[in-house]
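# Structural characterization, general
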Amino acid sequence: MLLVHGFPGTPAEMRPLGEVLNKAGWNVEGILLPGFGPQIASIGVCRYQDWLRAIQERLVAVKREHAPVVLVGYSMGAALAIGVAARDAPHALVLLAPFWRLGAGWRGLLLPVLKWVFPHFRPFEKADFSNPDVRRSIYSFAPDIDLDDPTVQASVRRLSIPSRIIDELRKAGRFAFRSASQVAVPVLIVQGSQGLLVKASHTRDLSRQFVGPVQYREVRAGHELLKSEGDIWDEVTTAIADFVTSFEEE
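Residues numbered from 1 in each chain as written. Predicted model: local features only at pLDDT ≥ 70, side-chain atom pairs only at ≥ 80, totals over all residues. Heavy atoms only, no water.

## Digging into the pairing of strand S3 (residues 70–74)
- Buried residues dominate S3, accounting for five of its five residues.
- Along S3, one buried face is formed by Val70, Val72 and Tyr74 and the opposite face, lined by Leu71 and Gly73, is buried too.
- Across three bridges, strand S1 (residues 2–4) lies against S3 in parallel orientation. When the sheet's bridge partners are listed, valine 4 is paired in S3 with glycine 73.
- Running through helix H3 (residues 76–87), the crossover from S3 to the neighbouring parallel element strand S4 (residues 92–96) is right-handed. (Buried < 20%, exposed > 50% of the residue type's maximum accessible area, 1.4 Å probe, protein only. Helix = DSSP H or I, 4+ residues; strand = E, 2+ residues; numbered from the N terminus. Pairing = 2+ DSSP bridges. Right-handed = clockwise from strand over helix to strand, strands pointing away.)

## Concerning helix H9 (residues 233–245)
- In this model H9 runs 18 Å from its N-terminal to its C-terminal C-alpha over 13 residues, within 8% of the 18 Å that 1.5 Å per residue would give.
- Residues of H9 that are buried: Trp233, Val236, Thr237, Ala239, Ile240, Phe243 and Val244. Along the axis of H9, the buried residues cluster in a sector spanning 155°; they form a single face. Of the exposed residues in H9, the ones pointing more than 90 degrees away from its buried face are Asp234 and Asp242.
- Taken together, the buried residues of H9 touch helix H1 (15–23), S3, S4, strand S7 (187–192) and strand S8 (214–219). (Expected span 1.5 Å × (residues − 1). Arc of directions from axis to C-beta. Contact = heavy atoms within 4.5 Å.)

## Topic: the nonpolar core
- Core analysis: the biggest nonpolar cluster contains 53 residues, and Trp51, Leu93 and Phe210 have the highest contact counts within it.
- If you list the elements that add at least two residues to this core, you get S1, helix H2 (48–65), H3, S4, helix H5 (132–139), helix H6 (150–158), helix H7 (164–179) and S7.
- Considering each element in turn, this core owes the most residues, nine residues, to H3.
- Contact partners of leucine 93, with chain neighbours within four places excluded, come to Leu71, Ala81, Ile82, Ala85, Val183, Val185, Pro186, Val187, Leu188, Phe210 and Phe243.
- Core analysis: the second largest hydrophobic core is formed by 26 residues, Leu188, Ala221, Trp233 and Phe243 among them. (Core = buried A, V, L, I, M, F, W, Y, C linked by side-chain atoms within 4.5 Å.)

## Notes on the sheet that holds S4
- Pairing in this open sheet of six strands is parallel, and the strands run S2-S1-S3-S4-S7-S8 from one edge to the other. Each of the sheet's edge strands pairs with one partner strand only, and the pair in question is strand S2 (29–31) and S8. Taken pair by pair, the neighbouring strands of this sheet meet at an average axis angle of 15°, ignoring direction.
- Against the sheet, helix H8 (residues 200–207) makes contact with S7 and S8, and its axis sits at roughly 175° relative to S8, the strand it touches most. (Axes fitted to C-alpha atoms, helices over the stretch in contact; angles between N-to-C directions.)

## Quick notes on the layout of surface pockets
- Considering only enclosed or pocket space, the second largest pocket measures out at about 190 Å³ in volume.
- Lining the second largest pocket are Leu3, Pro11, Ala12, Met14, Arg15, Gly18, Glu19, Asn22, Val28, Glu29 and Gly30.
- Residue contributions to the lining of the second largest pocket peak at four residues, all from H1.
- Its residues assigned to classes, the lining of the second largest pocket comprises five nonpolar, three polar and three charged. (1 Å grid on protein atoms, 1.4 Å probe; cavity = no way out; pocket = protein on both sides within 12 Å on 5 of 7 lines; lining within 4 Å. Points joined across faces, edges and corners; volume = space filled by probe spheres on them. Nonpolar A, V, L, I, M, F, W, Y, C, P; charged D, E, K, R; others polar.)

Here's what the structure looks like:
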C-alpha cells in the first residue's frame, strides 16, 4: 500500500493511517514528494509533473514486490494519485478529501496571475506558535522541529513559498479531474461534509467522473481526516479497512 501526503505535508501526516493499515496486515509505505519536507525552501523549482513522476516510479517498484497494491492519497496527494492511477493502475484507489478545484468564480480566475503580482508569500509570518492547529500544520512538513525555540520560530516566520506553486496545485487538480475518466479500478472516496478547502459538492462532482466502481462516504468533519484524536477517526479508518479487505486475497 502506497500513501501520498498532501500540501505542504510529509509522510508523517499519513503515519497514523499507515499504522492502522499495517496492523491490519498490509505492507505500508509513504512517499515524500519532491520539494517537500527538508526541501520545502526549494519547492519553487518543482512542477506537478515531478510529483506525478515520483509517485508513478515508486508505484511501479511497489507493484514488482507486492500484490495487491492500493494507492492512497490525501488532498493534493489524492489529486496526484488519480493522475497516476490513470497511467499505471493500482488494484484500488483510496481518496481522502480529494482536491481538484482551487477557488471559484473570479477568485479562481485570478489565481494563475497571482504569481506575477505576489511572487512569494510567507505562510507563517504572523503565526501563533501556541495554537495547536498552527503547530500541527508546521509539524506536517517538519515533524522534528522544535517550535518552542525562539530561533526556530524566527526561521519559520521567514519561510518563503513561491506563489507559482499555487498554480501547480491548480494544474494538478485540473489534471486529476480530466484523468478520472480513465480510472477503471475500484475507488473509495472519503470526504468531510463540512470541508472548506475541499468542498463536498466538488468531490461529488469528481466522483461521477470515474468509470470504475466508486464508493463515496461523507463524514461529519472538515478537511482534516487524518487526525487520530478526532471524533471521526474510527469512522474513516473503518471505511478504508472494509474497502481494502476485499483485495487482500487477490
